[in-house]
Amino acid sequence: MTKINNVHDKFFKTAMSDLHVAKEFMQQHLPAPVLSATDLSTLTLQKESFIEQDLQQMLSDVLYQAKINGTDGYIYLLAEHQSTPDRLMAFRLLRYTCRIMAHHIEHLKHCTLPVVVPLVFYHGKRIYSHSTDIFDLFGNSRALAESTLLQPFNLIDANTIPDEELKQQVWSGVLTFMQKHIHTRNLLQCIHELMPLFKKLMTLEAEHYIISTMEYAIKAGNIDSIEELAKLTNELSPELEGKVMTLAERLEAKGKAAGMSEGMAAGMTTGQAEATRRVAASMLSRGFEANLVSEVTGLSIEIVHSLPATEKETQ
């Protein structure tokens, strides 16, 4: 079967790589609105393939770029070489279409999505029997899928939700309130406002959630005084205060260690660079050619030439 499918794939791609074949194919099979909006004289074959490796024995794909409605767009032709059709083809096409869009914006570095027109070419032993409508794949949830898939997404902008509304939500209110105010000049005031919610969470045995919130505040927020933060948590429980202090001390120690490590690395890098320059200067003072000095030290020829005369002479 693999050998046969490779034969199908080779012929399909060879034929569709010929733009005479491709243009006539598009004229015959593109939907009328798309065909009228497409300038087939701009049709160009692209080298990319978007099929998963494990499906390459069953499917072939050819991607063309063309001006569609006056801007760069794509016509994606997928050939199914299986003897029976793939029930999930509509979903597969959606995935490939998204990959083509992603490839386009990553390479052109702009955020305008291209129109991608998918076509499926099938030549199996049976008449194609599956739906070409992706919403038919959702079964009894079709109506809900139609109201959500490829519709404007639901935006939850924390900045627009009133604080008083958030304070009525014991669990999610803490999350949203903290992230809404994390860049506040002094986060302690915001934490103070959340104390009624924290007290409710204590009754719900959600101490882990409170600790997680305090850790977030210390790591990402502006806390003028850890001691004041600890006093606030003491109102919830002395044990919680101890945990917050321990957490703050551990984070402080970790930060100091990271700073020392970065400083040592920077110092080593600076020291190594200076040592290399001294070696280069010494070689130059002994009459070595600049090109050889550059090759031996790894310094660029421009850096070698830019070594101050005094540095060359004193080394």
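Here goes a summary of the coordinates provided.

Rules used in this analysis
Residues numbered from 1 in each chain as written. Predicted model: local features only at pLDDT ≥ 70, side-chain atom pairs only at ≥ 80, totals over all residues. Heavy atoms only, no water. Helix = DSSP H or I, 4+ residues; strand = E, 2+ residues; numbered from the N terminus. Buried < 20%, exposed > 50% of the residue type's maximum accessible area, 1.4 Å probe, protein only. Contact = heavy atoms within 4.5 Å. Areas by Shrake-Rupley, 256 points an atom, 1.4 Å probe, with all protein chains shown as cover. Lys, Arg positive; Asp, Glu negative; His and termini not counted. Salt bridge = Lys/Arg side-chain N within 4 Å of Asp/Glu carboxyl O. Polar contact = N/O pair within 3.5 Å; in protein donor to acceptor, adjacent residues only side chain to side chain. Pairing = 2+ DSSP bridges. 1 Å grid on protein atoms, 1.4 Å probe; cavity = no way out; pocket = protein on both sides within 12 Å on 5 of 7 lines; lining within 4 Å. Points joined across faces, edges and corners; volume = space filled by probe spheres on them. Nonpolar A, V, L, I, M, F, W, Y, C, P; charged D, E, K, R; others polar. Patch = residues over 30% accessible without salt bridge, like charges linked within 9 Å, V, L, I, M, F, W, Y side chains within 5 Å. Core = buried A, V, L, I, M, F, W, Y, C linked by side-chain atoms within 4.5 Å.

A count of helices and strands for the protein gives 15 helices and four strands. In the protein, which comprises 315 residues, the proportion classed as buried is 34%. Contacts in the protein between residues at least 24 apart in sequence constitute 56% of all its contacts with a sequence separation of at least 6. Just so you have it, the protein exposes about 19,700 Å², and 56% of that area is on carbon and sulfur atoms.

Here we take up the side chain of D61. Within the secondary structure, D61 sits in strand β2 (residues 59-68). Buried charge D61 goes without a salt bridge, the closest partner of opposite sign being K13 at 4.5 Å. A polar contact is formed between the side chain of D61 and the backbone nitrogen of F50, at a distance of 2.8 Å. A distance of 2.7 Å separates the side chain of D61 from the side chain of Y76, its partner in a polar contact. Ignoring any residue separated from it by four or fewer positions in sequence, one finds D61 in contact with K13, S49, F50, I51, Y76, L77 and L78.

Of all ten residues making up strand β3 (residues 71-80), eight are buried, and the element is well covered by its neighbours. The pairing of β3 with strand β4 (residues 116-122) spans seven bridges and is classified as parallel. In the strand pairing of β4, L77 is matched with L119.

Tracing the sequence through the fold places Y96 in helix α4 (residues 89-108). For the pair formed by Y96 and I51, sequence separation is 45 residues and the distance between their alpha carbons is 7.4 Å.

Now for the layout of surface pockets. As a volume, the largest pocket reaches approximately 380 Å³. Surrounding the largest pocket, 17 residues form its lining, A90, L93, P118, T132 and I134 being those nearest its centre. For the lining of the largest pocket, the elements supplying multiple residues, two or more each, are α4 and β4. For the lining of the largest pocket, the class distribution of residues is 13 nonpolar, three polar and one charged.

All right, on to a nonpolar patch on the surface then. Nonpolar side chains collect at one region of the surface, where F288, L292 and V296 lie side by side and expose about 260 Å² of accessible area between them. For L292, a relative accessible area of 37% translates into the label partly exposed.

Ranked by internal contacts, the top residues of the largest apolar core, which has 30 residues, are V174, L187, I191, F198 and L229. Of all elements in the fold, only α7 (172-181), α8 (187-193), α9 (195-203), α10 (207-220), α11 (226-234) and α12 (238-285) reach the threshold of two or more residues within this core. Top contributing element to this core by residue count: α10, with six residues. In contact with V174, other than residues within four places in its own chain, are Q169, L194, L197, F198, L201, Y209 and T213. If you look at the next biggest cluster of nonpolar residues, it comprises 18 residues, including M26, V62, A79 and L119.

Bear in mind that shape data such as this cannot, by itself, settle questions of function.
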